[in-house]
Amino acid sequence: MAFDVATLRKEFPTLSRELEGHRLVYLDSAASSQTPVRVLDAMDHYYRWSRSNVHRGVYPLAEEATDLYEGARSSLARFVDADPRGVVFTKNATEACNLVAYSWVRREMHPGEAILTTVMEHHANHVPFTHAANERGLEVRHIPLTSDGQLDLEAAGELLADGRVTFAAIGHVSNVLGTINDVATIADMVRSANPDAMVQVDGAQAVPHLAVSFRDLGVDFYAVTGHKMLGPTGIGALLADPDRLESMEPFLTGGDMIRDVTLEGATWNDVPQKFEAGTPMIAEAAGLAAAVDVLTELGMDAVREHEVALTTRLLDALDAMPSIEVHGPRDPQVRGGAVSFAVDGVHPHDVGAMLGSRGVCVRVGHHCTKPLMRSLGVNATVRASVYVYNDADDLPPLIDGIEAAQAFFAR
Amino acid sequence: MSMEDLYQEIILDHYRKPHNQAPTLEDEDVHVHHSNPLCGDEMDLRIRVADGRLDGLVFDGEGCSISQASASAMSDVVIGRELPDALDLAEEFRRMMHGDEPTRADDLLDAVAFQGVAKFPVRVKCALLGWMAMKDAIESHQRGATAHTVTHDEE
């Protein structure tokens, strides 16, 4: 069931702004999404009405705060079809990846073992694991891309053949190419080659745009971020099997994550609190729960349908320009709404400046994917990304701005 | 922001027809490679020193119009100057990028046109890329080194 974008847009105060005398055209949701009033209100309500710390207070106000925080955990768990005890709140997806790198990779992997990842990873799902690999003497193997920006699964099979891959870190949706990776199939391949291998997935670009079931994907760790799914900055989550988390050593230590503390040491709280040291992001959790409510009301199937339709129009419009080269898959069914491209003869920074001067917000640069940029043979790209509040009216200003940049910077 | 504030005609001229842009320099003394992690821009810069002066300088690489034009304007400013003088002008340009009025505006030639870039913080690093590469090349030469690679996290 489709939703009405014009009505939805009214919930986003920023979208009503004008920039440089132009209607604000926000095409950078892959970097961070806009925030609806309901999310702002939820955070405001906590600070104005239920403000207190979680978990330890015995007075009713503290119980309210705890209910807000733990309720948000349950909301997110339902949204991504995970066990709430396996939802660890983190400050973002990067921290979730680091939790895995410190509490799993550094502790459980040994020289001679290998990590399988891809050349399209965001630095968040790349640097924590290469850093750990360098410290632990682990090999890192990279699944290459096919010519249309998908993972070469045949090559992946060869990389897995010797059975030495005991950990895989794969992005669910590429923030640059838009490619939706078949992580369930890759997880099966990884475990067929080595039944003890663990699979970690970066879902930062997936959860905002696709119906994700952590249980159905059958992976071990899954990183989520709030600020790309209509939620506030400063909150994300790691999804994992609670028993797996139980077996792992903590990542950050301190208050709230302990069961008992002596002068000599400590024992750990139950999961997921064992992985949540210190006072957590309570207002942000409340905001994230409100964001989950908004997305649930829209329906993730409708969100996906809306984005496929808009991405199709965006790709068609870019394809009609002879001097544009789109990176990544052309079939909207196998990709998300982040579309990267090169404008012949104009540097991405200059394209971005021209678009910015016309109120059009796009991302230019390497998008935290330097290995992918090298693989594409570019230093940077222009990236336009669409989300629930974008509509067809957002596309002409983009296309006109690109044409203006080409005219302005013609040599 | 207006496109004209940032992209003055003088800047676009240097961008369209850069001066001293070349992949090699005969009898080069120092080669530096600088990159800007923010935008992924890369620059190779080569210098030749004779009698304490910058006898030759070329740059080459991938970059936005601001970085390429600024390097071009910089080359006109410093070629032929004594090394300490070139370093002084690099400092002068750096201060200008942080909003200071230049005290040697006449010596900065076309590089003065970049004064407006100071209003665009994310582009300051673009304008500084060539200048900082030149400064590094001279300092490398003064240390007796012949090659150097730098990634600018903070200039």
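Rules and cut-offs
- Residues numbered from 1 in each chain as written.
- Chains lettered and ligands numbered in written order.
- Predicted model: local features only at pLDDT ≥ 70, side-chain atom pairs only at ≥ 80, totals over all residues.
- Heavy atoms only, no water.
- Helix = DSSP H or I, 4+ residues; strand = E, 2+ residues; numbered from the N terminus.
- Rg over C-alpha atoms; globule rule 2.2 N^0.38 Å.
- Buried < 20%, exposed > 50% of the residue type's maximum accessible area, 1.4 Å probe, protein only.
- Contact = heavy atoms within 4.5 Å.
- Areas by Shrake-Rupley, 256 points an atom, 1.4 Å probe, with all protein chains shown as cover.
- Core = buried A, V, L, I, M, F, W, Y, C linked by side-chain atoms within 4.5 Å.
- Domains from an automatic or database assignment.
- Axes fitted to C-alpha atoms, helices over the stretch in contact; angles between N-to-C directions.
- Parallel < 35°, antiparallel > 145°, perpendicular 65-115°, else oblique.
- Left-handed = near helix turned anticlockwise from the far one by under 90°.
- Nonpolar A, V, L, I, M, F, W, Y, C, P; charged D, E, K, R; others polar.
- Polar contact = N/O pair within 3.5 Å; in protein donor to acceptor, adjacent residues only side chain to side chain.
- Buried area = accessible area lost by both parts, 1.4 Å probe.

Account for the overall build of chain B, naming residues and giving values.
Summing up its helical and strand segments, chain B has five helices and four strands in all. Moving toward the C terminus, one meets the helices and strands of chain B in the order α-α-β-β-β-α-α-α-β. Against the 2.2 N^0.38 benchmark of 15 Å for 155 residues, chain B shows a C-alpha radius of gyration of 14 Å, consistent with a compact globule. Across its three principal axes, chain B shows a C-alpha extent of roughly 45 × 30 × 30 Å. Burial status across chain B gives 49% buried among its 155 residues. Long-range contacts, defined as pairs at least 24 residues apart, comprise 62% of the intrachain contacts of chain B with a sequence gap of at least 6. With an accessible surface of roughly 6,600 Å², chain B has 46% of that area assigned to carbon and sulfur atoms.

Tell me about the nonpolar core, residues and numbers included.
One finds Leu-76, Phe-89, Tyr-222, Met-229, Leu-230 and Val-388 of chain A to be the most contacted residues of the largest nonpolar core, which totals 79 residues. Tallying contributions element by element places helix 10 (residues 282-298) of chain A first for this core, with 11 residues. In this structure, this core is formed jointly by two domains, domain 1 (41-296) and domain 2 (300-408) of chain A, each of which donates at least three residues. Ignoring anything within four residues of it in the chain, the contact list for Phe-89 of chain A reads Tyr-69, Ala-72, Arg-73, Leu-76, Ile-235, Gly-236, Ala-237, Glu-276, Ala-285 and Leu-288 of chain A. Among the nonpolar cores identified, the runner-up in size contains 78 residues, and Val-339 and Phe-409 of chain A together with Phe-93 and Ala-113 of chain B belong to it.

If you had to explain the packing of helix 2 (residues 37-49) of chain A against helix 10 of chain A to someone new, which residues and values would you point to?
Residues and elements named next belong to chain A. At a minimum axis distance of 8 Å, the contact between helix 2 and helix 10 shows a crossing angle of 150°. Between helix 2 and helix 10, the angle falls in the class roughly antiparallel. The way helix 2 lies across helix 10 gives a crossing that is right-handed. The segment helix 2 lies against helix 10, with Arg-38, Val-39, Ala-42, Met-43, Tyr-46 and Tyr-47 engaging Ile-282, Ala-283, Glu-284, Ala-286, Gly-287, Ala-290, Ala-291, Val-294 and Glu-297. Partitioning the contact of helix 2 with helix 10 into residue classes produces 11 nonpolar, one polar and three charged.

For the side chain of Ser-213 of chain A, give the residues involved together with the corresponding values.
All names here are of chain A. Inspection of the secondary structure assignment puts Ser-213 in the loop between strand 8 (198-202) and helix 8 (214-217). Of the polar contacts made by the side chain of Ser-213, one reaches the backbone nitrogen of Asp-216; its length is 3.0 Å. With sequence-adjacent residues up to four places away left out, Ser-213 is seen in contact with Val-80 and Asp-81.

Can you break down the domain arrangement of chain A residue by residue, with the values?
Residues and elements named next belong to chain A. Partitioning chain A into domains gives domain 1 (41-296) and domain 2 (300-408). Computed over C-alpha atoms, the centres of domain 1 and domain 2 are 28 Å apart. Contacts between the two partners involve 27 residues from domain 1, matched on the other side by 29 residues from domain 2. The contact between domain 1 and domain 2 buries some 2,100 Å² in all, and 63% of this surface belongs to carbon and sulfur atoms. The residue inventory of the side of domain 1 that touches domain 2, partitioned by class, reads 14 nonpolar, 10 polar and three charged.

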